[in-house]
Amino acid sequence: MNRTLKSTILILFVIIFLPTIIFSIYEIGSLRSNEQVIETIYNNQLDAILYSVNQYSEDVISSWANRLELILSSKKNNKTEALLDFIYTTSSASKVMQFNSDNQIVLSVPTLISNSSFGKSMQELLIENDSVLKNLNTYLQGGYRKLETFTLNDTTDQLVVFAFQQDNTFLYNAIVFNPVRFINEVLDPKIQEIAQNEFAISAFFEESDSIIYSSDKQFQIREVNQKKRFWLMPHYSLGIELKNETINDLVKSRSEKDLILIGIVDFGLILGLWLIFRNVKKHLELSQLKSDFVSNVSHEIRTPLALISMYIETLELGRIESKEKVKEYYTIIFQETQRLSGIVNKILNFSQIESGKKVYKFSLVNINDIVLDVVKTFKHNLEVQGFKYKTNCSAKLPEIQVDADAVTDVIINIIDNAIKYSMDKKYIEISTAFDKSWAYIIISDKGIGISEKELKHIFDKFYRVTEKNLALKAKGSGLGLTIVKHIMDSHGGKIEVKSKKGEGTIFKLLFPIQ
Ligand code: ADP
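Keep in mind the model is a prediction, meaning the values are calculated, not measured.

Draft legend 1. Expanded view of the packing of aromatic side chains. Considering all chains together, one arrives at 12 aromatic pairs under this definition. One aromatic cluster is present, formed by Trp64, Phe177 and Phe182 through successive ring pairs. If you follow arginine 145 out to its NZ or CZ, it ends over the ring of phenylalanine 162, 5.3 Å from the centre. Lying across the ring of tyrosine 440, lysine 508 places its NZ or CZ 4.2 Å from the centre.

Now the structure itself:
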């Protein structure tokens, strides 16, 4: 590999490929930790929502306690009516009680029958939790009214108790309420407001894990990962989930998007890398072809010049006496001059094409005439070199609009190549034909042929087949077929080439009839 190409590859590798790979590895590696960060953020957010619902429940029950305190501390004699009104207007509450520090129930609305099963379980509960209740007093002395909750035996009802001081005596106020109704009736509006259309918030009875409330009755509850117990209803918990996508789905789809993005960036960079590489390679190849071209052409010009000056010198000395010899020398000088002008013409033609200055003069022509003219000029050459040739022109070929000089150049170039690239089997066939849309010239030889790989490049400028040095043995500039292609394109024509290594080549030149 060329040194420049090697260093280009190295530079591209260091400045594009390596950073791309390092970037991708780093990004893919950090995706997992990003996922965890996102998941934590989401979970914290959901936790905050659950916290706010819990806070709201506590605020509601606190406001009940305030109202109760107000009623019980009033100086009015008949508190029963006010307490009944409290129960009536407080959704989910069913009983209000007051008991003293000896666990004696001193007030109950509605009245409590002490030997009823509720009365007995109430008494048991107070005795059992004596120390907890005493603590409430301590809190109250410290200026904080703590709410304590208990679950009543044999019922789903719940008791919320708080200490209360009246005329220097410590009492306990208690409200019996139903948590399921509390959640469904009291908390529901608040939960709806928080959940809106985005979240599904549900409540569960912990023991059986059964759903006792859902903010959206239509929504199919999935596996709820985000759950918190109610502070004041320890047997119940509150769950939340995203309605449209779970956090896992959300994080997964984000990661997938990130991966696709990394893929696209990598692909873009590698594509860029490949394009730069291809471009550099092409330029290097072209500059190599150009330098080969200079040496080929110098060689091609030097040979006829050397021959011409040698024969002229010999003739000048006047030593050649035989008239035939003199004639032969003149013929050689003439042929070499022709060759020289052919080369110069080719270069001029090419430079005109390259600079876009080539102008074609179109006129109605029968291409049979051009073909026969060229064959005539090649006749001597072909015979001298031992070629057998055959011309087969279609008699009814219609006249077409072409630049006769340019088409002459095309045929010369192709016959010239057929001669140059034929080894033992020296046979050339030139024919013309036509169909509805095209008039065509077919030139075939039985020469060395062109491999499929090389076939793609033979029309490239300066391109010469270097395989096994076959073409190198023949002189050339690599411009002939480039000129042919340009002329054919300018005529709106096409070139089809069929070739087989060792068997020969067929060039079919198609000119549009219109
Ligand atoms: P050159 O001056 O090298 O002949 P051309 O552009 O005319 O340049 O042709 C390009 C290459 O195509 C040649 O170098 C040769 O290898 C190949 N080629 C063209 N015509 C023939 C043919 N008839 N048979 C075999 N190879 C051919």
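The structure having been displayed, the exposition proceeds.
Draft legend 2. Examining the nonpolar core more closely. Ranked by internal contacts, the top residues of the largest apolar core, which has 48 residues, are Ile367, Ile411, Ile441, Leu509 and Phe511. Here the element with the most residues in this core is helix 9 (residues 404-420); it accounts for eight residues. Not counting residues up to four positions away in its chain, the partners in contact with isoleucine 367 are Leu397, Ile400, Val402, Val407, Ala439, Ile441 and Phe511. One finds Val109, Ile183, Ala195 and Ala203 within the second-largest nonpolar core, a separate group that totals 43 residues.

Draft legend 3. Molecular detail of the packing of helix 1 (residues 3-72) against helix 2 (residues 80-89). Close contact between helix 1 and helix 2 brings their axes to 10 Å; oriented N to C, the two are set at 165°. The pairing of helix 1 with helix 2 is recorded here as roughly antiparallel in orientation. Between helix 1 and helix 2 lies a crossing whose hand is right-handed. Facing helix 1, whose interface residues are Trp64, Arg67, Leu68, Ile71 and Leu72, helix 2 presents Ala82, Leu83, Asp85, Phe86 and Thr89. Taken together, the residues of the contact of helix 1 with helix 2 break down into seven nonpolar, one polar and two charged.

Draft legend 4. Quick look at the domain arrangement of the protein chain. We note that the domain assignment places domain 1 (181-244) and domain 2 (359-512) within the protein chain. Summarising the inter-unit geometry, the C-alpha centres of domain 1 and domain 2 are found 87 Å apart.

Draft legend 5. Here's a closer look at the pairing of strand 16 (residues 504-512). With eight bridges joining them, strand 14 (residues 438-445) and strand 16 adopt antiparallel strand pairing. In the strand pairing of strand 16, alanine 439 is matched with phenylalanine 511. Bridge analysis of strand 15 (residues 494-500) against strand 16 gives seven bridges, and the strand direction is antiparallel. What sits directly across from lysine 500, in strand 16, is glycine 504.

Draft legend 6. Layout of a nonpolar patch on the surface. Judged by side-chain polarity, Leu10, Ile11, Phe13, Val14, Ile15, Leu18 and Ile22 come together as a nonpolar surface patch covering roughly 660 Å² of accessible area. Inspection of the secondary structure assignment puts leucine 10 in helix 1.

Draft legend 7. Broad picture of the site of the ligand. Surrounding the ligand, one finds 21 residues, the nearest of these being Asn417, Tyr421, Arg464, Ser477 and Leu481. Residue tyrosine 421 places a side-chain N or O atom 2.7 Å away from an oxygen atom belonging to the ligand. Between the ligand and the protein, one listed contact pairs a nitrogen atom with a side-chain N or O atom of aspartate 445 at 2.9 Å. For the ligand, whose free accessible area comes to 530 Å², the fraction covered by protein is 99%. Comparing atom positions with the cavity grids shows the ligand to sit within the largest cavity. Mapped onto the shell around the ligand, the elements with two or more residues apiece are helix 9, helix 12 (480-490) and strand 16. By residue number, the principal contributor to the shell around the ligand is helix 9, which donates three residues.

What counts as what
- Residues numbered from 1 in each chain as written.
- Predicted model: local features only at pLDDT ≥ 70, side-chain atom pairs only at ≥ 80, totals over all residues.
- Heavy atoms only, no water.
- Phe/Tyr/Trp six-rings, centres within 6.5 Å; stacked < 30°, edge-to-face > 60°.
- Lys NZ or Arg CZ within 6 Å of the ring centre and 35° of its normal.
- Core = buried A, V, L, I, M, F, W, Y, C linked by side-chain atoms within 4.5 Å.
- Buried < 20%, exposed > 50% of the residue type's maximum accessible area, 1.4 Å probe, protein only.
- Helix = DSSP H or I, 4+ residues; strand = E, 2+ residues; numbered from the N terminus.
- Contact = heavy atoms within 4.5 Å.
- Axes fitted to C-alpha atoms, helices over the stretch in contact; angles between N-to-C directions.
- Parallel < 35°, antiparallel > 145°, perpendicular 65-115°, else oblique.
- Left-handed = near helix turned anticlockwise from the far one by under 90°.
- Nonpolar A, V, L, I, M, F, W, Y, C, P; charged D, E, K, R; others polar.
- Domains from an automatic or database assignment.
- Pairing = 2+ DSSP bridges.
- Patch = residues over 30% accessible without salt bridge, like charges linked within 9 Å, V, L, I, M, F, W, Y side chains within 5 Å.
- Areas by Shrake-Rupley, 256 points an atom, 1.4 Å probe, with all protein chains shown as cover.
- Salt bridge = Lys/Arg side-chain N within 4 Å of Asp/Glu carboxyl O.
- Near = heavy atom within 4 Å.
- Polar contact = N/O pair within 3.5 Å; in protein donor to acceptor, adjacent residues only side chain to side chain.
- 1 Å grid on protein atoms, 1.4 Å probe; cavity = no way out; pocket = protein on both sides within 12 Å on 5 of 7 lines; lining within 4 Å.
- Sits in = over half its atoms within 2 Å of the grid points.

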